[in-house]
Amino acid sequence: KPWSWRARSFPMASGLPVIATRHAGIPEVIRSNWNGLLIKERDDQHLAELLNELSENRLKRKVLGTNALSTAVNELDVRIKTKQLINIYKKELGQS
């Protein structure tokens, strides 16, 4: 899904911690216990536990949210992604 990284970046750019599954490229963006939390797919029990933990732990919400915002700004900005893509093409074309 070409836009999936953007879908994950919106809550992160709002400074919210993200809970996501360990699927496809998600762990490349969400680093568990740093800018969000990762769970196994279809693990409803673990999801409920993490939601409960975040609801009760304001400091953890704040730290994860701050780091999520930093990730969105420094790694997921469309301008940064565009420059990275251009550099890949240049390298492949021998223009780097």
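Higher on the page you've got the structure.
Quantities reported herein were computed from a predicted structural model and do not represent experimental measurements.

A. Spotlight on the packing of helix α3 (residues 44–56) against helix α4 (residues 58–75). Look at α3 against α4: their axes get within 5 Å of each other, and the N-to-C directions meet at 100 degrees. The angle between the axes of α3 and α4 places the two elements in the roughly perpendicular class. Residues E53, L54, S55 and E56 of α3 lie in contact with α4, whose contacting residues are R58, K60, R61 and L64. Classifying every residue of the contact of α3 with α4 gives two nonpolar, one polar and five charged.

B. Structural view of the pattern of salt bridges. What the rule picks out here adds up to four salt bridges. As a salt-bridge pair, R31 and E75 come within 2.9 Å of each other at their nearest N and O atoms. Here E75 lies in helix α4 and R31 lies in the loop between α2 (26–29) and β2 (36–39), a separation of 44 residues in the sequence. You can call R31 partly exposed: its relative accessible area is 28%. Looking at E75, the relative accessible area reads 32%, which means it is partly exposed.

C. View of the side chain of N35. Within the secondary structure, N35 is located in the loop between α2 and β2. The class of N35 is buried, set by a relative accessible area of 0%. In this structure the side chain of N35 is engaged in a polar contact, spanning 2.7 Å, whose partner is the backbone nitrogen of R31. A polar contact is formed between the side chain of N35 and the side chain of T71, at a distance of 3.0 Å. When sequence neighbours within four positions are dropped, the list of residues in contact with N35 reads M12, P17, V18, V29, I30, L64, N67, A68 and T71.

What counts and how
Residues numbered from 1 in each chain as written. Predicted model: local features only at pLDDT ≥ 70, side-chain atom pairs only at ≥ 80, totals over all residues. Heavy atoms only, no water. Axes fitted to C-alpha atoms, helices over the stretch in contact; angles between N-to-C directions. Helix = DSSP H or I, 4+ residues; strand = E, 2+ residues; numbered from the N terminus. Parallel < 35°, antiparallel > 145°, perpendicular 65-115°, else oblique. Contact = heavy atoms within 4.5 Å. Nonpolar A, V, L, I, M, F, W, Y, C, P; charged D, E, K, R; others polar. Salt bridge = Lys/Arg side-chain N within 4 Å of Asp/Glu carboxyl O. Buried < 20%, exposed > 50% of the residue type's maximum accessible area, 1.4 Å probe, protein only. Polar contact = N/O pair within 3.5 Å; in protein donor to acceptor, adjacent residues only side chain to side chain.

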